[in-house]
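Residue-level listing of the chains:
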Amino acid sequence: MAENTPAGSTTDGAITVGQPVEQPADARVSAAPSYDVADFPVPNGREEEWRFTPLERLRGLHDGTAEATGSLRVEVTAPEAVTVQTVDRTDPRVGKAGKPVDRVVAQAFSAFEKASVISVPKDTVLTEPVRISVHGEGGVAYGHQVVEVGAFAEAVVVLDHTGDTTLAANVEFLVGDGAKLTVVSVQDWADTAVHVAQHTALVGRDASFKSVVVTFGGDVVRLHPRVVYGATGGEADLFGLYFTDRGQHQEHRLFIDHDTPHCRSNVAYKGALQGQDAHAVWIGDVLIRAAAEGTDTYELNRNLVLTDGARVDSVPNLEIETGEIVGAGHASATGRFEDEQLFYLMSRGIRAEDARRLVVRGFFGELVQQIGLPDLEERLMAKIDTELEAAVG
Amino acid sequence: MATLEIHDLRVTVEADNATKEILKGVDLTVKQGETHAIMGPNGSGKSTLAYSLAGHPKYTVTGGTVTLDGEDVLAMTVDERARAGVFLAMQYPVEIPGVSVSNFLRTSATAVRGEAPKLRTWVKEVKEAMEHLHMDPSFAERNVNEGFSGGEKKRHEILQLELLKPSIAILDETDSGLDVDALRIVSEGVNRVRENGEVGTLLITHYTRILRYIKPDFVHVFSAGRIVESGGAELADKLEEEGYESYVKGGAAA
Ligand SMILES: Nc1ncnc2c1ncn2[C@@H]1O[C@H](COP(=O)(O)OP(=O)(O)O)[C@@H](O)[C@H]1O
Ligand SMILES: [Mg+2]
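Reading guide: rules and limits
- Residues numbered from 1 in each chain as written.
- Chains lettered and ligands numbered in written order.
- Predicted model: local features only at pLDDT ≥ 70, side-chain atom pairs only at ≥ 80, totals over all residues.
- Heavy atoms only, no water.
- Near = heavy atom within 4 Å.
- Polar contact = N/O pair within 3.5 Å; in protein donor to acceptor, adjacent residues only side chain to side chain.
- Areas by Shrake-Rupley, 256 points an atom, 1.4 Å probe, with all protein chains shown as cover.
- 1 Å grid on protein atoms, 1.4 Å probe; cavity = no way out; pocket = protein on both sides within 12 Å on 5 of 7 lines; lining within 4 Å.
- Sits in = over half its atoms within 2 Å of the grid points.
- Helix = DSSP H or I, 4+ residues; strand = E, 2+ residues; numbered from the N terminus.
- UniProt positions renumbered as here; feature names shortened; annotations may be inferred.
- Patch = residues over 30% accessible without salt bridge, like charges linked within 9 Å, V, L, I, M, F, W, Y side chains within 5 Å.
- Salt bridge = Lys/Arg side-chain N within 4 Å of Asp/Glu carboxyl O.
- Lys, Arg positive; Asp, Glu negative; His and termini not counted.
- Charge placed at Lys NZ, Arg CZ, Asp CG, Glu CD.
- Buried < 20%, exposed > 50% of the residue type's maximum accessible area, 1.4 Å probe, protein only.
- Donors = N, O, S within 2.8 Å, 3.2 Å for Na, K, Ca; no water.
- Phe/Tyr/Trp six-rings, centres within 6.5 Å; stacked < 30°, edge-to-face > 60°.
- Lys NZ or Arg CZ within 6 Å of the ring centre and 35° of its normal.

Q: Where do I start with the site of ligand 1 in this structure?
A: All names here are of chain B. Every one of the 14 residues lining ligand 1 counts as a neighbour, but Gly43, Lys46, Ser47, Thr48 and Tyr59 are closest to it. Between ligand 1 and Ser44, the relevant distance is 3.2 Å, taken from an oxygen atom to a main-chain nitrogen or oxygen of the residue. The contact in question runs from an oxygen atom of ligand 1 to an N or O atom on the backbone of Lys46, over 2.9 Å. For ligand 1, the protein covers 70% of the area, taking 560 Å² as the surface of the free molecule. Judged by the fraction of its atoms near the pocket grid, ligand 1 is located in the largest pocket. For the shell around ligand 1, the secondary-structure elements that each account for two or more residues are strand S1 (3-15), strand S2 (18-31) and helix H1 (46-54).

Q: Where do I start with the UniProt feature "domain: SUF system FeS cluster assembly SufBD core" (unreviewed entry) in chain A in this structure?
A: The UniProt record marks residues 136-363 of chain A with the feature "domain: SUF system FeS cluster assembly SufBD core" (unreviewed entry), using the residue numbering of this structure. In residues 136-363 of chain A, the share of helix is 9% and the share of strand is 62%. The end C-alpha atoms are 31 Å apart.

Q: What is the right way to read a negative patch on the surface from this model?
A: Residues and elements named next belong to chain B. Taken together, Glu234, Asp237, Glu240, Glu241 and Glu242 make up a surface patch of like negative charges. Inspection of the secondary structure assignment puts Glu234 in helix H7 (residues 234-242). On the basis of relative accessible area, Glu234 is assigned to the exposed category, the value being 52%.

Q: Help me out: how do you make sense of unusual backbone geometry in this one?
A: Excluding glycine, a negative phi dihedral is what most residues carry, and trans is how most peptide bonds are arranged. All names here are of chain A. The backbone phi angle of Phe152 is positive, close to 60°, even though this residue is not glycine. Mapped onto the secondary structure, Phe152 falls in the loop between strand S6 (130-149) and strand S7 (154-175). Taking relative accessible area as the criterion, Phe152 reaches 52% and is therefore assigned exposed.

Q: Would you explain the coordination of the magnesium ion (ligand 2) in this entry?
A: The expected angle between donors at a tetrahedral four-coordinate metal is 109.5 degrees. At an octahedral six-coordinate metal it is 90 or 180 degrees. Protein coordination of the magnesium ion (ligand 2) is provided by Ser47(B) (OG) and Gln91(B) (OE1), with donor distances spanning 2.1 to 2.4 Å. Taken together, the residues Ser47(B) in helix H1 and Gln91(B) in the loop between strand S6 (86-89) and strand S7 (96-100) connect sequence positions 44 residues apart.

Q: How do you make sense of the packing of aromatic side chains when you look at a structure like this?
A: We describe a pair of aromatic rings using the distance from one ring centre to the other and the angle between the two ring planes. Summed over the entire model, instances satisfying the criterion amount to nine aromatic pairs over all chains. Taken together, a centroid distance of 4.6 Å and an interplanar angle of 50° make the contact between Phe139(B) and Phe148(B) tilted. Ring pairing ties together the aromatic residues Tyr35(A), Phe109(A) and Phe112(A), which thus form one cluster. If you follow Arg89(A) out to its NZ or CZ, it ends over the ring of Phe112(A), 4.2 Å from the centre. Positioned over the ring face of Phe363(A) is Lys270(A), at 4.8 Å from the centre of the ring.

This is the structure:
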């Protein structure tokens, strides 16, 4: 894993400091965010925000031809204190965290029938996680979910995605003042699934939001994890892990909008790739607006390419409109599991498959520990082993 | 008794779209308990010999045989060779980010010994071996070879030698880049392993310096891909005085 960039991958990034930029990170797109799908032109693949995505594999989610004929089984298991409601689009909480940012998630917003709202009352500290299981049973579906955590409440929400589907969805997290919310979203789809979603968190005053995005499955997965701060003192930790196999397209497009003073954000995404035409895309846009004095932010993306034929596009982007910050940085690196490393380990008696496992577990291990959820830790490491075994065959 | 027999070994590498023969018929027998120094100028093929014995995929064996107690080493994969008892201390050890020294050592000891060492005795064993090599315990938590100084890399190689207890140890320029203190510490490590009498050692070096600490039974001069002269320890003294000139074609340095 020398810090070199293998053929067929790009690792470019930019830090812009000083002048307010004419086109902030999030605005280098073909249309402004909107709730209405009609405000977005049908993409042709040359747009900045679509240039990495295989449109032909989106099954019409992007051009209005995908009719919601499919079925999705959603089950929520929650401790007693939590309320689960089904509401329609006029509910004031729906769309509160932010507008959809691309045509597919706007399509989801325009097309969903009912939204579910999961609420944790204020001052309530949950001792058990809320589990939302989303199981695809084929066909096209549009979804909308809101997780609302009241002031000074604390909750862990696990969002599990399994099965086969063509799903476009919005998930909103409304984190009340002083509240703490951890969200784990696992994309463990069947290899045929298509999943495009925006996960937007609105972080309240002195609130903490932790997001863990884990993407293993799917034919195409394209996620927009986004953070906006409603008031000062908010913190966001965004962790991600992906394991991109042969033929899979997994795209994570993060945006953190520091428009409020004295907020903190930390991003760490790591991905392993193996197999022909495995394609991982990571976009990390962080914008520190002029008003956001005292901001502290860092973002990191690392990729480990295990075989030939895989491709990584990693683009960190940090734009800073004020000098009055605590810190801002980014790092992106794509390394290969080199033949020399394999030789070194094997020359110590270690079998090739064990050598690979040692290196991949090592690569993810530090991040998994940083996530700080012991239950999840074991599940993730076990899953990583399974992914590796599938590849060896 | 472990015996490594190399007979008429011929090896090529692919470089610049051409096949280049590096080893041109190497003959050598190393028995358990013996130490053979292989000395030769840069570029003569010493590392190629070491890598070929360990099975590095870049080197193609085009002729000859290598056996360990009659078993065909060339038919074995890299990891099989190591489990059969061949150990190569590399001239340029490789960085393995994300994998700690302690995890690496335990994984390789488990592989080579055929079972996981008992945790309690293992911890003690590693601790003692590290103390002998003047390595700080915090070393075990670092990633393999990542950010190691030249001296630390070589100590880490010899640490593995002590823990894996091979029957054939190939040390490729373990002395290069070491200051006198480090050379002494590393040599003492090699000698501890040799004292057990269970290892046959192939000590590859460019300089005679290390031979003050590690006394060879045999010295072989390597030039242009083969052994051109063999003798006892006194041959090293001759090399010390005269250098390699007389062995290199036309007297020019390679
Ligand atoms: N992997 C390789 N690819 C190309 N050429 C190599 C490779 N390894 C060794 N050689 C060539 O083989 C010759 C011998 O190299 P080496 O075995 O490293 O010699 P020594 O260890 O004695 O200095 C040199 O000319 C070197 O350039
Ligand atoms: Mg060499």
